[in-house]
Amino acid sequence: RQAATAIVGGIGLIFAVLTVLRNPTWESNYRLFTTDIQHSPNSAKLRHAVAGVLTETYGNLPKAQQDQEKAMLAEALGHVNEALRLHPTYKQAYFTKGNLANYLRQFDVSINAYNNALRIDPDFEDAHRNLMITYRDAGRYYGEERGELAKAIGYLEQAYAALPNDAETVRLLGVAYGISGNNAKATELFTKRTQLEPNNARAWYDLGVAHSQAGRPEAADTAMAKARELDPEIAQKVRSGQ
């Protein structure tokens, strides 16, 4: 009986020591998963878990801090690419890669990743939604920051085809067409935006500008009057960039 007790006690002591040694790895999911990867480097699930934790952590950072933490995304992308090498039909890993690439402004990589997820599961609603958001984000980026209007319009048309009632997509596409000189399309889109957001003063202001550029002063005055009715300071706000 004493020998059995000693054996049981010894086994208990071993597990207690192992538990104490492992406790630091439970400090965070990131540390837990990266510790486990050292023992299971060919686990696609663990690789994806690390990528997911890093992506979520980055997404929760204040905007001002995100630019300083791009290395976090590069690390996550390495893990998710390894997960996909190990498991080429891992739809959730493709979804995570799409999110990562969007953060990195690698929009074509992001679009390709979401499309791969949808090829595996055509009913993957989150992948479809984020794909359309990425088309919209790409359009905004190439229009506002790169000044590549044709490319911006191409992306935004893709988003608009799937999200015809998304006010921000409608606005961005209207702006892009207006800058490109296609006043007819700009007016059509800004009119639709006022229908989607009838109490948005800026929507009516933009419509007034579009009518004015198209040579329709009466329609422009009507839209501008509606904008001022909703917000008497709308003109000053637009000029100040608000």
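Since the structure is predicted, the reported quantities are computational estimates derived from the model, not experimental observations.

### Details of helix H10 (residues 167-180)
The terminal C-alpha atoms of H10 lie 20 Å apart, and with 14 residues this matches the ideal 20 Å at 1.5 Å per residue to within 8%. Within H10, the full set of buried residues consists of Ala167, Thr169, Val170, Leu172, Leu173, Gly174, Ala176 and Tyr177. Buried residues along H10 sit against helix H8 (125-145), helix H9 (149-162) and helix H11 (183-196). Looking one or two places after H10, you find Gly181, whose phi comes out positive at around 95°.

### Here's the deal with the side chain of Ser110
Within the secondary structure, Ser110 sits in helix H7 (residues 107-120). Its relative accessible area of 0% is what places Ser110 among the buried residues. Ignoring any residue separated from it by four or fewer positions in sequence, one finds Ser110 in contact with Gly98, Ala101, Asn102 and Thr134.

### Regarding the pattern of salt bridges
Applying the stated criterion across every chain yields a total of 16 salt bridges. For Glu229, the salt bridge identified is with Lys226, shortest N-O distance 3.8 Å. Of this pair, Glu229 and Lys226 both sit in helix H13 (residues 217-230), three residues apart, which is roughly one turn of the helix. The exposure class assigned to Lys226 is partly exposed, which follows from its relative accessible area of 27%. Here the residues in one salt-bridge network are Asp137, Arg140, Glu144, Glu168 and Arg171, joined through shared partners.

### So, the confidence of the model for the chain
With 83% of its residues at a pLDDT of 70 or more, the chain shows a mean pLDDT of 85. Element-level pLDDT for the chain is lowest in helix H1 (residues 2-22), with a mean of 44, against a maximum mean of 97 in H7. Counting interchain partners and residues more than four positions distant, the pLDDT-below-50 stretch residues 4-27 has seven contacts.

### Quick look at the packing of aromatic side chains
Throughout the structure, instances matching the rule amount to eight aromatic pairs. Ring centres of Tyr141 and Tyr142 lie 5.0 Å apart, and the angle between their planes is 75°; on these two criteria the pair is classed as edge-to-face. Relative accessible area serves as the criterion here: at 15%, Tyr141 is assigned to the buried category. Chaining the aromatic ring pairs together yields one cluster made of Phe107, Tyr135, Tyr141, Tyr142 and Tyr155.

### Details of unusual backbone geometry
In this structure, Arg105 takes a positive phi of about 60° despite not being glycine. With respect to the secondary-structure elements, Arg105 resides in the loop between helix H6 (91-103) and H7.

### Observations regarding the packing of helix H5 (residues 70-86) against H6
Between H5 and H6, the least distance of the axes is 10 Å, while the angle of their chain directions is 155°. As far as their axial angle goes, H6 and H5 are roughly antiparallel. Between H5 and H6 the crossing geometry is left-handed. Between H5, through Lys70, Leu73, Ala76, Leu77, Val80, Asn81 and Leu84, and H6, the contact on the second element is made entirely by Ala93, Tyr94, Thr96, Lys97, Leu100 and Tyr103. When the residues that make up the contact of H5 with H6 are grouped by side-chain class, the tally is nine nonpolar, two polar and two charged.

### Details of the packing of H6 against H7
Close contact between H6 and H7 brings their axes to 8 Å; oriented N to C, the two are set at 160°. As the angle between them shows, H6 and H7 are arranged roughly antiparallel. In the packing of H6 onto H7, the handedness of the crossing is left-handed. Contacts between H6 and H7 involve Lys91, Tyr94, Phe95, Lys97, Gly98, Asn99, Ala101 and Asn102 from the first element and Phe107, Val109, Ser110, Ala113, Tyr114, Asn116, Ala117 and Ile120 from the second. Looking at the contact of H6 with H7 residue by residue, the class counts come to nine nonpolar, five polar and two charged.

### Notes on the nonpolar core
Grouped together as the largest cluster of nonpolar side chains are 34 residues, with contacts concentrated most on Ala127, Leu131 and Tyr135. Listed by contribution, the elements that provide at least two residues to this core are helix H3 (44-59), H5, H6, H7, H8 and H9. Setting aside chain neighbours within four positions, we find Leu131 in contact with Ile111, Tyr114, Asn115 and Leu118. Tyr177, Ala186, Ile234 and Val238 belong to the second-largest nonpolar core, a separate cluster that totals 21 residues.

Calculation rules
Residues numbered from 1 in each chain as written. Predicted model: local features only at pLDDT ≥ 70, side-chain atom pairs only at ≥ 80, totals over all residues. Heavy atoms only, no water. Helix = DSSP H or I, 4+ residues; strand = E, 2+ residues; numbered from the N terminus. Expected span 1.5 Å × (residues − 1). Buried < 20%, exposed > 50% of the residue type's maximum accessible area, 1.4 Å probe, protein only. Contact = heavy atoms within 4.5 Å. Salt bridge = Lys/Arg side-chain N within 4 Å of Asp/Glu carboxyl O. pLDDT = per-residue confidence, 0-100. Phe/Tyr/Trp six-rings, centres within 6.5 Å; stacked < 30°, edge-to-face > 60°. Axes fitted to C-alpha atoms, helices over the stretch in contact; angles between N-to-C directions. Parallel < 35°, antiparallel > 145°, perpendicular 65-115°, else oblique. Left-handed = near helix turned anticlockwise from the far one by under 90°. Nonpolar A, V, L, I, M, F, W, Y, C, P; charged D, E, K, R; others polar. Core = buried A, V, L, I, M, F, W, Y, C linked by side-chain atoms within 4.5 Å.

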